[in-house]
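Results of the structural survey
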Amino acid sequence: MIINWPEKFARKGHELFLSGLPIALHCHHYNMNLQKTLESSLGSDGTLLLYQAAEESSYAGFTSFLQHHPKINTTKSKLELASTSYQYCGLGIINFTQIEPEGGRIVSPHSHHVTGWLAKFGKRETPGCFFSRGWIAGALAVIYDKHIGYYRVDELQCKMTLARECVFEVVIA
Amino acid sequence: MAIDTDKIVHAVMHGSRIREEKGIIPLFGVYLSMIPVEYYNKISFGFERKMGQDGSAEKLLVAAGQECGYATFQGIRSSREWDEVVQPMIEHTEDQIYCFVSIAIAFGWGDLAVEELIPHEKLVVRASDSYEARGYWDAYGKADAGKCYMLRGVAAAFMDLVYGAEYPDGCFQYTAIETFCQAKGDPHCEFVARKAAL
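Everything numeric in this text was worked out from a predicted model, so none of it was measured.

Regarding the overall build of chain B
Looking only at helices and strands, chain B features 7 helices and 6 strands. Counting from the amino terminus, helix and strand elements in chain B follow one another as α-β-β-α-α-α-α-β-β-α-α-β-β. Relative to a compact globule of 198 residues, whose C-alpha radius of gyration would be 16 Å, chain B shows 16 Å and is just as compact. Its C-alpha atoms give chain B principal-axis dimensions of about 45 × 40 × 30 Å. The burial tally for chain B puts 54% of its 198 residues in the buried class. Look at the contacts in chain B between residues 6 or more apart in sequence, and 60% of them connect residues 24 or more apart.

Take a look at the structure:
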């Protein structure tokens, strides 16, 4: 089933919704500033907060998407939904070709956070896609009908450190 | 020419449906993302709780919003889309602020309105439905202080951009307070930006 994403993006008065979920448009300046603020103030607690916030909102978002689209009921179509929604939300490109219910690897050749971080702050010394890690963990938990926190996602390579692409490893937590 | 908020909102809605091949939304000179407001609220209020009640989180979050607003709206007013859609509406310097507010509405930041603008001195912006205030109220109940950190910083950034030193030297020349907030039970949220004390 092909989702017509532009149809799902709607405005009701001053509020924006994507498939019924309240969203906001923010640019890389704000997203990267928030990440830097949390990371520099709280260290690993700050990056965990970014990860968990992304995981929880992705989990809630995917639950809502699938409730709105009951015909998307196979794992393949749900993974495709995840990939296209990531792209439609301006978050980048993500490939779910090496993933199973027990985990696997996910590759992202382009992302909002990488583009934004490099444009704003330049090269990092350590992987920095905390949002994407959490987003993947939340989406996969919904797709494989698991509870939130079921998966742990780590970033093995990151374009913020000038790697060729971002590579995420998914394991059962 | 009056500021046509509907035209600006339409331009943002139209432009934000366009993706380039990398899955990025380049619009108005910045890279946009569509992320659930729940994410931003979890980050802001989670950060505040982890940092403690000494006000340091509030200062950092407002500063993040102000620096973001400053860079974002500078990018916006330097963009092709601004030249095509917004610039023809601008007759006076102050009109820029009304256009900034229209764009913030288009971004889904709240139903904002300029209540008062005294050039160089004071800006009062009101919101009767901010996602930050609503998010705080829904998650934690009544607040004892204003919770719209992003909007507060952005209100000051609007003044920085229009009346501060030339970009990029004007950020934080103005500062804003939140005089009313729906998270406190007030009927609306209100932000008052004035020149920062040196």
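Quick notes on the overall build of chain A
Helix and strand counts for chain A stand at 6 helices and 7 strands. Its helices and strands taken in sequence order, chain A reads α-β-β-β-α-α-α-β-β-α-α-β-β from the N to the C terminus. Here chain A has a C-alpha radius of gyration of 16 Å; the compact-globule value for 173 residues is 16 Å, and the two agree. Its C-alpha atoms put chain A at 45 × 40 × 25 Å along the principal axes. A fraction of 56% describes how many contacts in chain A between residues 6 or more apart in sequence connect residues 24 or more apart.

Digging into the confidence of the model for chain B
Confidence in the prediction for chain B averages 93 pLDDT; 99% of positions are at 70 or higher. Interface confidence for the predicted complex, expressed as ipTM, amounts to 0.95; the pTM equals 0.94.

Focus: the pairing of strand 4 (residues 122-130) of chain B
Residues and elements named next belong to chain B. With 7 bridges joining them, strand 3 (residues 110-118) and strand 4 adopt antiparallel strand pairing. Bridging across to strand 4, V114 finds its partner in V125. Connecting strand 3 to the antiparallel partner strand 4 that follows it, the hairpin turn spans 3 residues, and H120 within it adopts a positive phi of roughly 70°. Summarising the sheet, strand 4 and strand 6 (residues 189-195) pair through 6 bridges and their orientation is antiparallel. Opposite V124, over in strand 6, you have V192 as the bridge partner.

Observations regarding the nonpolar core
Burial of nonpolar side chains together is a common tendency in soluble globular proteins. A24 of chain A together with A155 and F158 of chain B are the most contacted members of the largest nonpolar core, which has 120 residues in total. In terms of residue count, the dominant contributor to this core is helix 7 (residues 149-163) of chain B (12 residues). Those residues in contact with F158 of chain B that sit more than four places away from it in its chain are G69, F73, I97, F100 and L123 of chain B.

Things to note about the sheet that holds strand 3 of chain B
Residues and elements named next belong to chain B. Spatial strand order, 3-4-6-5: 4 strands in an open sheet with antiparallel pairing. Two strands in the sheet have a free side with no partner beyond their single neighbour: strand 3 and strand 5 (174-180). Neighbour to neighbour, the strand axes of the sheet diverge by 20° on average, direction disregarded. Of the strand pairs in this sheet, strand 5 and strand 6 are connected by 6 bridges, and their pairing is antiparallel. From the neighbouring strand, I177 faces strand 6, where its bridge partner is V192. On the sheet, helix 6 (residues 131-140) packs against strand 3, strand 4 and strand 6 and is oriented at approximately 45° with respect to strand 4. Against the sheet, helix 7 contacts strand 3, strand 4, strand 5 and strand 6, and its axis sits at roughly 140° relative to strand 5.

So, the interface of chain B and chain A
Put simply, an interface is often sized by how much accessible area is lost when its parts join up. With 39 residues of chain B at the contact, the number on the chain A side is 45 residues. At 10 residues, the largest contribution of residues to the side of chain B that touches chain A is made by helix 2 (residues 37-51) of chain B. Its residues assigned to classes, the side of chain B that touches chain A comprises 23 nonpolar, 7 polar and 9 charged.

Rules behind the numbers
Each chain has its residues counted from 1, running along the sequence as written. Written order determines the labels here, with chains lettered from A and ligands numbered from 1. Totals for whole chains, interfaces and linings use all residues, but because this is a predicted model, local features are given only for residues with pLDDT of at least 70 and pairs of side-chain atoms are given and counted only at 80 or more. Per the convention used, a helix needs a DSSP run of H or I reaching at least four residues, while a strand needs a run of E reaching at least two, with both numbered from the N terminus. Atoms counted for the radius of gyration: C-alpha only. Globule rule: 2.2 Å times the number of residues to the power 0.38. Residues with at least 20 neighbouring C-beta atoms inside 10 Å of their own are called buried, those with 12 or fewer are called exposed, and the rest are partly exposed, where every C-beta is derived from the backbone. C-beta atoms are placed from the backbone for every residue, and two residues are taken to be in contact when these atoms lie within 7 Å. On a range of 0 to 100, pLDDT expresses the predictor's confidence in each residue. The criterion for strand pairing is that DSSP finds at least two bridges linking the strands in question. Linking buried Ala, Val, Leu, Ile, Met, Phe, Trp, Tyr and Cys residues through C-beta atoms within 7 Å yields a set, and such a set is a nonpolar core. Orientation is described by axes fitted as lines to C-alpha atoms, over the contacting stretch for helices, and by angles from 0 to 180 degrees between their N-to-C directions. Gly is put with the polar residues, along with every residue not named as nonpolar or charged; the nonpolar set is Ala, Val, Leu, Ile, Met, Phe, Trp, Tyr, Cys and Pro, and the charged set is Asp, Glu, Lys and Arg.

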